[in-house]
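Residues per chain, in single letters:
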Amino acid sequence: MASFEINGGRKLKGELVPQGAKNEALQVLCAVLMTPEKVTISNLPDIIDVNKLINLLQAMGVKIEKVERGTFIFQAKDIDLEYLQTEDFKNRASSLRGSIMIVGPLLARYGKGFMPKPGGDKIGRRRLDTHFEGFAKLGAKFNFDQQAYFYSVTAEKLKGTYIHLDEASVTGTANVLMAAVLAEGKTTIYNAACEPYLQQLCKMLNKMGAKISGISSNMLTVEGVSELGGCFHRVLPDMIEIGSFIGLAAMTQSEITIKDVSYENLGIIPHTFQRLGIDMELRGDDLYIPSQESYQVDTFIDGSILTISDAPWPGFTPDLLSIVLVTATQAMGSVLIHQKMFESRLFFVDKLIDMGAQIILCDPHRATVIGLDRKHSLKGIQMTSPDIRAGVSLLIAALSAEGKSVIHNIEQIDRGYQDIDLRLNNLGADIRRM
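Residues numbered from 1 in each chain as written. Predicted model: local features only at pLDDT ≥ 70, side-chain atom pairs only at ≥ 80, totals over all residues. Heavy atoms only, no water.

Proximity of charged atoms lets side chains of opposite charge pair with each other. Counting across every chain of the model gives 22 salt bridges. The shortest N-O distance in the salt bridge between Lys-22 and Asp-49 comes to 3.0 Å. Here Asp-49 lies in helix α2 (residues 48-60) and Lys-22 lies in helix α1 (residues 22-31), a separation of 27 residues in the sequence. (Salt bridge = Lys/Arg side-chain N within 4 Å of Asp/Glu carboxyl O. Helix = DSSP H or I, 4+ residues; strand = E, 2+ residues; numbered from the N terminus.)

So, about unusual backbone geometry. Of note, the amide linkage connecting Trp-313 to Pro-314 takes the cis form, showing an omega dihedral of 15°. Looking at the element boundaries, Pro-314 is found in the loop between β17 (306-309) and α10 (321-328). Although it is not a glycine, Asn-191 sits at a positive phi angle of roughly 60°. According to the relative accessible area criterion, Asn-191 is partly exposed, its value standing at 23%. Not every positive phi belongs to a glycine, and Ser-216 is a case in point at roughly 85°. One can find Ser-216 in the loop between β11 (211-213) and β12 (219-223). (Buried < 20%, exposed > 50% of the residue type's maximum accessible area, 1.4 Å probe, protein only.)

Let's shift gears to the sheet that holds strand β22 (residues 404-408). A sheet is described by the order of its strands in space; here 4 strands give the open sequence β21-β22-β1-β23, paired in mixed fashion. Edge positions in the open sheet fall to β21 (382-384) and β23 (431-433), since each of these has one partner strand only. Each neighbouring strand pair of the sheet contributes to a mean axis angle of 20°, computed without reference to strand direction. Note: strand β1 (residues 3-7) against β23, 3 bridges, orientation antiparallel. In the sheet register, Phe-4 faces β23, and the bridge partner there is Arg-433. Lying on the sheet, helix α12 (residues 388-400) is in contact with β1, β21, β22 and β23; it crosses β22 at an angle near 170°. (Pairing = 2+ DSSP bridges. Axes fitted to C-alpha atoms, helices over the stretch in contact; angles between N-to-C directions. Contact = heavy atoms within 4.5 Å.)

Between its first and last C-alpha atoms α12 spans 19 Å; for 13 residues at 1.5 Å apiece the expected length is 18 Å, and the two agree. For α12, the buried fraction is high: 13 of the 13 residues fall into the buried class. A side-chain oxygen of the first residue of α12 lies 3.1 Å from the backbone nitrogen of Arg-389; this N-cap is Asp-387. (Expected span 1.5 Å × (residues − 1). Polar contact = N/O pair within 3.5 Å; in protein donor to acceptor, adjacent residues only side chain to side chain.)

Attention shifts here to the pairing of strand β5 (residues 71-75). β5 sits mainly inside the fold: 5 of its 5 residues count as buried. A two-sided burial pattern is seen for β5, the buried positions comprising Thr-71, Ile-73 and Gln-75 on one face and Phe-72 and Phe-74 on the other. In terms of strand pairing, strand β3 (residues 38-42) meets β5 through 4 bridges, oriented antiparallel. Of the residues in β5, the one forming a bridge with Ile-41 is Phe-72. In this sheet, β5 lies alongside strand β4 (residues 63-68) in antiparallel orientation, the contact comprising 5 bridges. Opposite Glu-65, over in β5, you have Ile-73 as the bridge partner.

As structure tokens, this is what we get:
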């Protein structure tokens, strides 16, 4: 198990280029299975989860050519469907949550899809009913082997229909959408997720020959087509990494410019950090964060304590709630963090409390943060990263703390952030990988 050793208390300065968006990359990589023609994807992040999915696609029979770091050509001409019944497939697919999105493309193109129970972050229960109920409405038959924990769907022919998703699941919407693209007739998907990354998937599929309308809304209309072709697609910058860098700059009193942020796709993320009192300036498509000695938390109009909660897009993304929480520990003022969408994402706050943060964990979903306004610095401790986002939150805390911190299980961080230690060290941080 690898670790980071961090000597905190250093101000950083310089430019950071956000990596390609992990959550988009996982979707568009699965979409390459929908055509026998070549698909080129650029700006893919070089992180564990994305590389795992690329390796899985290769094992399934997809021909892959690496053009340069972050750019690959994929051709899913001859997929080995028998491989999907092997132990190797089960082991590879079950180690990655995003692998569930290969089922829709396989069902659409080959009439059958298989998937072991997928893994991923330990952030609470994330059910798959939305995916398989959507497939069933398109005409697929579903089977779940409880002993082997193995899902399968089959269909002679998918037929378009009206689908009202029971939740605005991003991966569920992506999976059902990809199946519907090659279904016969018209499909309407209501209560669809509408994140920028889902919009990107829609745009990519349309470039491949799909007929999807309603993009960016929660109602997608799909006119089925018989086949798809190749295309070129570039992945957006990662909004979660951009938000992480905003919080990092504030916590460490650093002057940082985040390059090429695709500001129009950030939604309310900048405004949410501004409500914590963080100054920022948009320069072209770069986000400039000045060094701040102090930042003051806003209140509601009636003067009551600010509450920041997560919600499906266009609400505030749950992936940044832990970053907001750690950033608030050194703000002036108090804020209530309400994690609505997952059960276990606040269980890292005990580490922040050990570092000296003033946090009241009200219940598994709510935490009240009393900002210290830098009057009492956090202190370095030893800790373990429980998941990707909490791990980076602890890294930000350690970079702002006095003394040495050690974070174990950094493989979790590496799953979502590309070369994070090298990139921050180039700005003046002191992070050593052990």
